[in-house]
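Chains, contacts and geometry: an overview
Here is what each chain is made of, one letter per residue.
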Amino acid sequence: MDLDPPPPKYQTSDPTSFAHKSARERWPAIITGAIDDVARTVSSLLDADDKDAIEEGKRIVSSLASLKYEVQHNRALGEIDDDGHADVKLYNDELAARDKLARDGVKWHDVEWLYSECYLYRRIGAFFGTAKTAAWRGYDPFARQKMDTFRSSRNAVLELAARYREIMTQIRTTEDQHRLLPKSGSGNGDTGADDEAEIEAEKTLFVEMAEICLWGNATDLSLLTSLTYEDIQKLQGSQARRESEKNVIVNDLRKAFEVLKKKSVEQQQQHQQSNNSSTSGTGGRRVDIVLDNAGFELFVDLVLAGYLIAVGLATEVVLHPKSIPWFVSDVVPGDFAALLDAMRDPVSFYESKDSEGGGEASSTPTLTQSQESDVKFLFDDWKNLHEEGKLILRPNRFWTHAGSFWRMPTIAPEVVEDLKESELVVFKGDLNYRKLTGDAAWPATTPFTTAIGPLGPGSGLRVLALRTCKADVVVGLPEGKDEELRAMEGGGGDSGARKWAWSGKWAVVQFSDGKA
Ligand code: F6P
Ligand code: MG
């Protein structure tokens, strides 16, 4: 707690904060969803007649139901059961320290938002982490929802698969691969007009790919619990992205491009000096993505990763998933495997029914041959990158700790050291942004570099946050912007609530160069 930033943190007791609504409305609904899912799996076990697993499943349903009761009736938070992972002690020690400061225990409706929301998912994680039967150990009660939503993203997936193939084919079949890479001298002031136009074109493509990746974050199951198929499609198409461009209220993508470009130029020049004829540059240029949601968002993260490697802005991309089911839709390693499986055989995936036994699969046409081959192209590409060690999945329990990333250098110095090896660390989504800024009530004009504290200037880390706003905290806005957005319809007005920042309609892309 002492390591977190100084401003007050958002609290579930504050009626002007989205925390208030989350604790009272969203969390009970999310736990109900988990109960339904576990109960369905229990009924499927009846056929297999696995008595121990059935009994254990029923116990988990009852633990989830008690948790829901506690949340709804504003009971005190209790200790998390020890499932053998060291972070349980961190959660419980922090709870004990908070308990000391509260009059009669820390209660669900009067607690720091960030701690309590992480605690909620960690507590659910321990129900499965302490399970004795194989059916429940490591079970993900959100996996069905994640896959169903991904299936609903069909149109956007097909559109992007075609675009991905087009871009990759262009890159690979062009005789002169320098077309998408800098000429020597680029980026250091002595470029010709052609070079500059070329770099501008590269920058534009980079911005397009990164914005696809940004808006993929709008499809978040923890927020959009009642999303229809049409809603999902509206959020994901290219037209939606174009319309949403004006909603990126701070956009540092070009700065991020400059640093990646500069590094690739430097390495290419070193390479040329050492008389090697390869054009792809020497040395490593690593980009990291601290992942957020599974399904469509993971799909667009992989699109970005594949593109960065193909154009030489990165030589490897390290992906950081969560280790337990988290905030409903976050990526766990099993989601990565499930996505690749779906892409391996898109016809079966799209023709199979969703977990409710229906969904649009029954009413939409089968894939055309070219759609099928676009998706398979993408699958082959990602599979190859994965097999060649250029696309790496690197879980770490730190990502499911309760605290802000201000704690990272002290609690997880090995994570900081690892991330320093990267040219750029992309933090996806709302929760990562809340953790970067400590979920604190900073004035909206606070520089991003200040609000991320120890991961900011001098940290050795280059941070890029790609975040659609779904919570109260926001920093780095120009003077007057927050007031302007509050004054818009539904923006919160004089209520004291920053409602414009709750819906995922607005986004910020913010950069800090801690290597400068
Ligand atoms: O705003 C609702 C919420 O669940 C927040 O608690 C959380 O920060 C966010 O959504 C999760 O969104 P994302 O998947 O973008 O991190
Ligand atoms: Mg998420």
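Everything numeric here is computed off the predicted structure, so don't read it as measured data.

Our focus in this paragraph is the site of ligand 1. The environment of ligand 1 is made up of 15 residues, and the closest members are R26, E117, D430, L431 and K470. One of the side-chain N or O atoms of E117 is found 2.8 Å from an oxygen atom in ligand 1. At a separation of 2.5 Å, an oxygen atom of ligand 1 approaches a polar side-chain atom of D430. Coverage of ligand 1 by the protein chains reaches 100% of its 390 Å² of free accessible surface. Going through the elements one at a time, α1 (18–48), α4 (113–129) and α17 (429–436) are the ones with two or more residues in the shell around ligand 1. Here the shell around ligand 1 gets four residues from one element, more than from any other, and that element is α17. The residue inventory of the shell around ligand 1, partitioned by class, reads four nonpolar, four polar and seven charged. Among the domains, domain 1 (18–139) and domain 2 (160–274 + 281–355 + 365–514) are the pair contributing at least three residues each to the shell around ligand 1.

Right, let's get into the environment of S17. Position of S17 among the secondary structure elements: in the segment before α1. Residue S17 is classed as buried on the basis of its relative accessible area of 1%. Taking the C-alpha atoms as reference, S17 lies 8.4 Å from K499; in sequence the two are 482 residues apart. One polar contact links the side chain of S17 to the main-chain amide nitrogen of A19, over a distance of 2.9 Å.

Considering all chains together, one arrives at 28 aromatic pairs under this definition. Judged by centre distance (6.2 Å) and plane angle (20 degrees), the ring pair of F296 and F299 falls under stacked. Highlighted residues: F296 and F299, both in helix α11 (residues 296–310), separated by three residues, approximately one helical turn. Ring geometry for W399 versus F405: centroids 5.5 Å apart, planes at 85 degrees, classification edge-to-face. As far as the burial class goes, W399 and F405 line up, both buried. Geometry around Y350 places R154 over its ring, the cationic atom sitting 5.7 Å from the centre. Between R434 and the ring centre of W113, over which it is positioned, the NZ or CZ distance is 3.5 Å.

Our next topic: the confidence of the model for the protein chain. Summarising the model, the protein chain shows a mean pLDDT of 89, and 88% of its residues fall at 70 or more. pLDDT under 50 marks residues 221–227. Its contacts with residues more than four places away, or in other chains, come to 23 contacts.

Turning our attention to the packing of helix α12 (residues 333–344) against helix α14 (residues 369–387). It is the contact of α12 with α14, at a shortest axis distance of 8 Å, that shows an interaxial angle of 140 degrees. Taken together, the axis directions place α12 and α14 in an arrangement best described as oblique. The element α12 and its partner α14 pack so that their crossing is left-handed. Seen from α12, the contacting residues are F336, L339, L340, M343 and R344; seen from α14, they are V375, K376, L378, F379, W382 and H386. Looking at the contact of α12 with α14 residue by residue, the classes come out as eight nonpolar, one polar and two charged.

With that settled, the discussion passes to the coordination of the magnesium ion (ligand 2). Donor atoms from the polypeptide that bind the magnesium ion (ligand 2) are D292 (OD), N293 (OD1) and D330 (OD), placed at 2.1 to 2.2 Å. Motif for the magnesium ion (ligand 2), donor spacing along one chain: D-N-x36-D. For the residue pair D292 and N293, the accessibility class agrees, reading buried in each case.

For the rest of this paragraph, the subject is the side chain of D335. Here D335 lies in helix α12. Among the polar contacts listed, one links the side chain of D335 to the side chain of K146, at a separation of 2.8 Å. Once residues within four sequence positions are removed from consideration, D335 is found in contact with D140, K146, A294, L298 and D330.

What counts and what doesn't
- Residues numbered from 1 in each chain as written.
- Chains lettered and ligands numbered in written order.
- Predicted model: local features only at pLDDT ≥ 70, side-chain atom pairs only at ≥ 80, totals over all residues.
- Heavy atoms only, no water.
- Near = heavy atom within 4 Å.
- Polar contact = N/O pair within 3.5 Å; in protein donor to acceptor, adjacent residues only side chain to side chain.
- Areas by Shrake-Rupley, 256 points an atom, 1.4 Å probe, with all protein chains shown as cover.
- Helix = DSSP H or I, 4+ residues; strand = E, 2+ residues; numbered from the N terminus.
- Nonpolar A, V, L, I, M, F, W, Y, C, P; charged D, E, K, R; others polar.
- Domains from an automatic or database assignment.
- Buried < 20%, exposed > 50% of the residue type's maximum accessible area, 1.4 Å probe, protein only.
- Phe/Tyr/Trp six-rings, centres within 6.5 Å; stacked < 30°, edge-to-face > 60°.
- Lys NZ or Arg CZ within 6 Å of the ring centre and 35° of its normal.
- pLDDT = per-residue confidence, 0-100.
- Contact = heavy atoms within 4.5 Å.
- Axes fitted to C-alpha atoms, helices over the stretch in contact; angles between N-to-C directions.
- Parallel < 35°, antiparallel > 145°, perpendicular 65-115°, else oblique.
- Left-handed = near helix turned anticlockwise from the far one by under 90°.
- Donors = N, O, S within 2.8 Å, 3.2 Å for Na, K, Ca; no water.

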